[in-house]
Amino acid sequence: MIINIAHLYGNLLNTYGDVGNIMAFAHEARKAGFDTNIDIISLGDDFDYKKYDFVFFGGGQDYEQSIVQKDLIKKRDSIVAYIENGGILLAICGGYQLLGQYYYDAYNKKIDGLKIFDHYTINQENKHRFTGNIKVKSALNKDDLYTGFENHGGVTFLGSKQKPFAYVIEGNGNNGKDKSEGFRYKNTIGSYLHGPLLAKNKNLCKDLINILRDRRNK
């Protein structure tokens, strides 16, 4: 069986080698007996939400993200349909922020997100950044620990109905205050963990492969 993987704006958004998330997912999928096909969905491309089994949405510099933001609006309905139908989506850093209400760029200009979720991101004072190794425990299964590297100037606050992806053991996470890290909704995960996340955390990668297998068996 072939699984189809989409890298949203993979030619524009790929900071900190986060394409490794796709490489790790594809590797584990092939070990599980699947063949893989990887498409880059970029500016002007249609996103066929019914085609894809795994979608990765990474982050980039402010300039690239401003270009992507304008194009994303055209894909919003398809992304929402993908999420609500239980598609597996991993959004890291800028991709995570863009799924929410808004964020601010390095010049403190407010950038609207897709407003699919209620989280929002503001800048830290004095251009401070959260940088360094981070260790978290899963909010879904507290026996699962994940490690990564965070490097973000934004602080993100979840909406009242949002659930975190994980809770911080070491590091800062969403905002350095409430111990939350990222968010999770159905099979969509937003996170600040670089690493790449799936390459550093085989347990999470395998969990996503199991979700994929269950969806295929329905």
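Residue positions within a chain follow its written sequence, with the count starting from 1. At least 70 in pLDDT is required for a residue's local features to be given in this predicted model, at least 80 for side-chain atom pairs to be given and counted, and no such filter applies to totals for whole chains, interfaces and linings, which use all residues. Only hydrogens and water are set aside when side-chain values are computed; all heavy atoms of the structure are taken into account.

- Under an unreviewed UniProt entry, the protein chain has the name Lipid II isoglutaminyl synthase (glutamine-hydrolyzing) subunit GatD and belongs to Anaerococcus tetradius.
- UniProt positions are given in the numbering used here, feature names are shortened, and annotations may be inferred rather than shown by experiment. Taken directly from UniProt, the Sequence similarities (unreviewed entry) text for the protein chain runs: "Belongs to the CobB/CobQ family. GatD subfamily."
- According to UniProt, the comment filed for the protein chain under the heading Function (unreviewed entry) is "The lipid II isoglutaminyl synthase complex catalyzes the formation of alpha-D-isoglutamine in the cell wall lipid II stem peptide. The GatD subunit catalyzes the hydrolysis of glutamine to glutamate and ammonia. The resulting ammonia molecule is channeled to the active site of MurT."

### Re the overall build of the protein chain
Here is step 1 of the chain: Helix and strand definitions here come from DSSP, where helices need a minimum of 4 consecutive H or I residues and strands a minimum of 2 consecutive E residues; each element is numbered from the N-terminal end. The secondary structure content of the protein chain amounts to five helices and 14 strands.
Here is step 2 of the chain: In summary, the protein chain has a C-alpha radius of gyration of 16 Å against a globular reference of 17 Å for 218 residues, a match within 12%.
Here is step 3 of the chain: Its C-alpha atoms put the protein chain at 50 × 40 × 30 Å along the principal axes.
Here is step 4 of the chain: Think of it in three bands: residues with accessible area under 20% of the maximum for their type are buried, residues over 50% are exposed, and the middle band is partly exposed, with areas taken using a 1.4 Å probe on protein chains only. Expressed as a percentage of its 218 residues, the buried residues of the protein chain come to 53%.
Here is step 5 of the chain: Considering only residue pairs separated by 6 or more positions, the protein chain has 67% of its internal contacts joining residues 24 or more positions apart.
Here is step 6 of the chain: Shrake-Rupley sampling with a 1.4 Å probe provides the accessible areas, and residues are treated as covered by the protein chains on show and by no other component. As presented, the protein chain carries roughly 10,300 Å² of accessible surface, and 47% of it is formed by carbon and sulfur atoms. We compute the radius of gyration from the C-alpha atoms alone; for a globule the expected value is 2.2 Å times N to the 0.38, where N is the number of residues. Throughout, a residue-residue contact means that at least one pair of heavy atoms, one from each residue, lies within 4.5 Å.

### Considering the sheet that holds strand 9 (residues 145-152)
Here is step 1 of the chain: The strand order across the open sheet built from four strands is 9-8-11-12, with neighbouring strands paired in antiparallel fashion. The outermost strands of the open sheet, each flanked by one partner alone, are strand 9 and strand 12 (180-181).
Here is step 2 of the chain: Pairing of strand 11 (residues 166-170) with strand 12, which is carried by two bridges, proceeds in the antiparallel orientation. Following the sheet pairing, Tyr167 is matched in strand 12 by Ser180. A pair of strands counts as paired when DSSP detects no fewer than two bridges linking them.

### Notes on the packing of aromatic side chains
Here is step 1 of the chain: Only Phe, Tyr and Trp rings take part, Trp by its six-membered ring, and two of them pair if their centres are within 6.5 Å. Stacked means planes under 30 degrees apart, edge-to-face means over 60, and tilted covers everything else. The final tally for this structure, using the stated rule, is twelve aromatic pairs.
Here is step 2 of the chain: With a centroid separation of 6.4 Å and an interplanar angle of 45°, the aromatic rings of Tyr9 and Phe57 are classed as tilted. On the criterion of sequence distance, the pair formed by Tyr9 in the loop between strand 1 (2-8) and helix 1 (20-31) and Phe57 in strand 3 (residues 54-57) is long-range, its members being 48 residues apart.
Here is step 3 of the chain: Look at Tyr9 and you get buried, because its relative accessible area is 0%.
Here is step 4 of the chain: On the basis of relative accessibility, which here comes to 0%, the residue Phe57 falls in the buried class.

### Some words on the environment of Gly86
Here is step 1 of the chain: Its location among the elements puts Gly86 in the loop between helix 2 (62-84) and strand 4 (88-92).
Here is step 2 of the chain: The exposure class of Gly86 is buried, given its relative accessible area of 9%.
Here is step 3 of the chain: Sequence separation of Gly86 and Gly176 is 90 residues, and the distance between their C-alpha atoms is 30 Å.
Here is step 4 of the chain: Not counting residues up to four positions away in its chain, the partners in contact with Gly86 are Asn187 and Arg215.

### Brief notes about unusual backbone geometry
With the exception of glycine, most residues fall at negative phi, and the peptide bonds are largely trans.
Here is step 1 of the chain: Here Gly195 and Pro196 are connected by a cis peptide whose omega angle stands at -5°.
Here is step 2 of the chain: When you line up the elements, Pro196 lands in the loop between strand 14 (188-191) and helix 4 (197-200).
Here is step 3 of the chain: In this structure, Cys93 is a non-glycine residue whose phi angle is positive, near 55°.
Here is step 4 of the chain: Take Cys93: it is sitting in the loop between strand 4 and helix 3 (94-98).
Here is step 5 of the chain: One non-glycine residue, Asn126, lies in positive phi territory at about 60°.
Here is step 6 of the chain: Note that Asn126 resides in the loop between strand 7 (120-123) and strand 8 (130-138).

### A look at the pattern of salt bridges
Here is step 1 of the chain: When a carboxyl oxygen of Asp or Glu is within 4 Å of a side-chain nitrogen of Lys or Arg, the pair counts as a salt bridge. The tally for this structure, following the rule as stated, stands at six salt bridges.
Here is step 2 of the chain: A salt bridge links Arg216 to Asp53; the shortest N-O distance between them is 3.0 Å. Here Asp53 lies in the loop between strand 2 (35-41) and strand 3 and Arg216 lies in helix 5 (residues 202-217), a separation of 163 residues in the sequence.
Here is step 3 of the chain: By relative accessible area, which is 29% here, Arg216 ends up partly exposed.
Here is step 4 of the chain: What makes Asp53 buried here is its relative accessible area of 12%.

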